[in-house]
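Inside the fold
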Amino acid sequence: CVPSARRLPAASMSVVEHVREMASAGLHSNVRLLSGLLLTMSGNNPELFSPSQKYQLLVYHADSLFHDKEYRNAVSKYTMALQQKKALSKTSKVRPSTGNAASTPQTQCLPSEIEVKYKMAECYTMLKQDKDAIAILDGIPSRQRTPKINMMLANLYKKAGQERSSVTSYREVLRQCPLALDAILGLLSLSVKGAEVASMTINIIQSIPNLDWLSVWIKAYAFVHTGDNTRAINTICLADLYFRAGDNKNSILKFEQAQMLDPYLIKGMDVYGYLLAREGRLEDVENLGCRLFNISDQHAEPWVVSGCHSFYSKRYSRALYLGAKAIQLNSNSVQALLLKGAALRNMGRVQEAIIHFREAIRLAPCRLDCYEGLIECYLASNSIREAMVMANNVYKTLGANAQTLTLLATVCLEDPVTQEKAKTLLDKALTQRPDYIKAVVKKAELLSREQKYEDGIALLRNALANQSDCVLHRILGDFLVAVNEYQEAMDQYSIALSLDPNDQKSLEGMQKMEKEESPTDATQEEDVDDMEGSGEEGDLEGSDSEAAQWADQEQWFGMQ
């Protein structure tokens, strides 16, 4: 609607113009009531409003329904509005112009038919009816498509697997808006070369001062989407890039810095929460979840963070519910899919978990953790052949880096025939990155099988020289026990528990050592032994097991 230079006095405005004014003022509930009444009156008396007035009332009423999230009802009213507009267009073609100046402002103020179709597409996406959304937007001639229409089409095409159409739409967005960064990421994710994407923005970058950094940003994400995370980090340091490269310590550090700079930051906080949970910092995860919920509960991130807290507290049913809720809010949330997939896997519902991990891979084909989840499902169901095929594909697709080498070695360790190959792969991984924890853990596992404890101790000490990790300290404790270095083993278990108080294996290692005291000490503590024999400790252990079982069987809002 094109506003007039001078606002009409209220007394001279028609009732439809009053509805329009209220709509412009954001008085949606008022618009809904008044437009609803007027449409009912129009149904009883078709001559009450002109075709153009009825079209306006239908659009404004639909907009108010959209605001109230009544998407099906809104689509119905938008459809009626478009039918009315079509009839109005035919009438205006047949009826010659009378030259009446009074009709000009009314014609100028008619809601845009293109905007109505865009709103319909928004309704369809909220209803998960992507095909209908694509159909309605496809019906808009290319020259009439605004940047937001092209952006929505690009995302819908990408989701539907129509990559060529998606690339075309993203390019059109950049032609109209060269600094549309999400469109740039969209093109890079569809394997469009970084140099080609950069060429679409070069003119605007050169014409605006202090915008040189954008070329570096595009270059970094071009490396990300080709799986070259190391070169991406060398180009620009971002928390997400460290995470993709498997450098969790630096990733957490960068997320903490980002959070300090912007206390209301939500994007990426689901990954941050996941990393904190893996580190055993469950109290920090809980605090992060509460902070995010205070910012907004309409994003997937706070639900994922809370789900990570539940998952690493072994409350898998609750984690499943929270992951499902996150997916409802954002079906493209990779972290939500991974959370739900992991919860399903740990609840024994492996086939359902596989579906979620495959969807995560479709959305983020360069994220190794998506493949790791799927391979863990294959191994859990003894599908070693499928796991090997997937690991080899990842190795070929993402290249021979420490992460892919370790992933392939992990699968090789499951088959006695490929033990030597696993050893070779792990050695290559550790040559590239001696501090890569997953590679160190798997190499230690291999050395433990071969009972090469001294070699394992040397490996773990070297890995812990420049970092501290709960799992590495615990495994070092296990190796020290094997060579009768009990006091240092106890120290390592203590360090592990200080890093993650919930690490059950470290606690079990420490308790086992305490029970294996010398006979002299056992005699001196006869009273204590009598208490242990009374079964009190067994009762406590039984209660923990029962509590864990109860947590696993929680039913959240009917989730099975």
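None of these values were measured; they are calculated from a predicted model.

What counts and how
Residues numbered from 1 in each chain as written. Predicted model: local features only at pLDDT ≥ 70, side-chain atom pairs only at ≥ 80, totals over all residues. Heavy atoms only, no water. Helix = DSSP H or I, 4+ residues; strand = E, 2+ residues; numbered from the N terminus. Buried < 20%, exposed > 50% of the residue type's maximum accessible area, 1.4 Å probe, protein only. Contact = heavy atoms within 4.5 Å. Areas by Shrake-Rupley, 256 points an atom, 1.4 Å probe, with all protein chains shown as cover. Disulfide = S-S within 2.5 Å. Salt bridge = Lys/Arg side-chain N within 4 Å of Asp/Glu carboxyl O. 1 Å grid on protein atoms, 1.4 Å probe; cavity = no way out; pocket = protein on both sides within 12 Å on 5 of 7 lines; lining within 4 Å. Points joined across faces, edges and corners; volume = space filled by probe spheres on them. Nonpolar A, V, L, I, M, F, W, Y, C, P; charged D, E, K, R; others polar. UniProt positions renumbered as here; feature names shortened; annotations may be inferred. Phe/Tyr/Trp six-rings, centres within 6.5 Å; stacked < 30°, edge-to-face > 60°. Lys NZ or Arg CZ within 6 Å of the ring centre and 35° of its normal. pLDDT = per-residue confidence, 0-100. Expected span 1.5 Å × (residues − 1). Arc of directions from axis to C-beta.

**Quick notes on the overall build of the chain**
Within the chain, the secondary structure is distributed over 34 helices and zero strands. Taking all 560 residues of the chain together, the buried fraction comes to 43%. In the chain, of all internal contacts separated by at least 6 residues, the share reaching a separation of at least 24 is 51%. Working note: accessible area of the chain is about 29,900 Å², and carbon and sulfur atoms make up 52% of it.

**Observations concerning the state of the cysteines**
Across all of its chains, the model carries zero disulfides by this definition. The cysteine Cys366 is free of any disulfide, with Cys370 supplying the nearest cysteine sulfur at 10.0 Å.

**Examining the pattern of salt bridges**
Overall, the coordinates contain 25 salt bridges when judged by the stated rule. Residues Glu196 and Arg171 are paired through a salt bridge, measuring 2.3 Å at the closest nitrogen-oxygen approach. Of this pair, Glu196 sits in helix H11 (residues 194-199) while Arg171 sits in helix H9 (residues 163-176), and the two are 25 residues apart along the sequence. Measuring nitrogen to oxygen at the nearest pair gives 3.2 Å for the salt bridge that ties Asp503 to Arg474.

**Observations regarding empty space enclosed by the protein**
Going through the model one piece at a time under the given rule, you end up with one cavity of 30 Å³ or more. The volume enclosed by the largest cavity comes to roughly 60 Å³. Lining the largest cavity are Gly227, Asn229, Arg244, Cys366, Leu368, Leu398, Asn401, Gln403 and Thr404. When the residues that make up the lining of the largest cavity are grouped by side-chain class, the tally is three nonpolar, five polar and one charged.

**Some remarks on the UniProt feature "repeat: TPR" (unreviewed entry) in the chain**
If you check UniProt for "repeat: TPR" (unreviewed entry), the listed places come out as residues 334-367 and 470-503 in our numbering. Taken end to end, residues 334-367 is 79% helix and 0% strand, and its two terminal C-alpha atoms sit 9 Å from one another. Across residues 470-503, helical content stands at 79% and strand content at 0%; the span's end C-alpha atoms are separated by 8 Å.

**Digging into the packing of aromatic side chains**
On inspection of all chains with the given rule, the structure shows eight aromatic pairs. Centre to centre, the rings of Phe243 and Tyr274 are 6.2 Å apart; their planes meet at 85°, and the pair counts as edge-to-face. Placement of the pair is Phe243 in helix H15 (residues 239-244) and Tyr274 in helix H17 (residues 269-278), with a sequence separation of 31 residues. Ring geometry for Phe311 versus Tyr312: centroids 5.2 Å apart, planes at 75°, classification edge-to-face. Through successive ring pairs, a cluster of aromatic residues spans Phe311, Tyr312 and Tyr316. Sitting over the ring of Phe66, Lys119 keeps its end group 5.6 Å from the ring centre. Positioned above the aromatic ring of Trp303 is the side chain of Lys325, whose terminal nitrogen or guanidinium carbon lies 5.4 Å from the ring centre.

**Here's the deal with the confidence of the model for the chain**
Across the chain, the average pLDDT comes to 85, with 86% of residues at or above 70. Here residues 1-8 scores under 50 on pLDDT; set against residues more than four positions off or in separate chains, the count is nine contacts.

**Re helix H31 (residues 504-515)**
What sets the pattern is the α-helix's 3.6 residues per turn: residues three or four places apart point alike. The first and last C-alpha atoms of H31 sit 16 Å apart over 12 residues, in line with the 16 Å expected at 1.5 Å per residue. Of all the positions in H31, only Ser506, Gly509, Met510 and Met513 are classed as buried. Looking down the long axis of H31, one finds its buried residues gathered within 95° of arc, a one-sided arrangement. Among the exposed residues of H31, those oriented more than 90 degrees off its buried face are Lys505, Lys512 and Lys515. Buried residues belonging to H31 abut helix H29 (470-482) and helix H30 (486-499).

**Describing the environment of Ala482**
Along the chain, Ala482 turns up in helix H29. Sequence separation of Ala482 and Lys452 is 30 residues, and the distance between their C-alpha atoms is 10.0 Å.

**Regarding unusual backbone geometry**
Phi is positive for Ser191, which is not a glycine, with a value near 70°. Along the chain, Ser191 falls in the loop between helix H10 (181-189) and H11. Residue classification places Ser191 among the exposed residues on the basis of a relative accessible area of 64%. In this structure, Gln451 takes a positive phi of about 60° despite not being glycine. In this fold, Gln451 is placed in the loop between helix H27 (437-449) and helix H28 (453-464). Accessibility expressed as a relative area gives 57% for Gln451, which makes it exposed.

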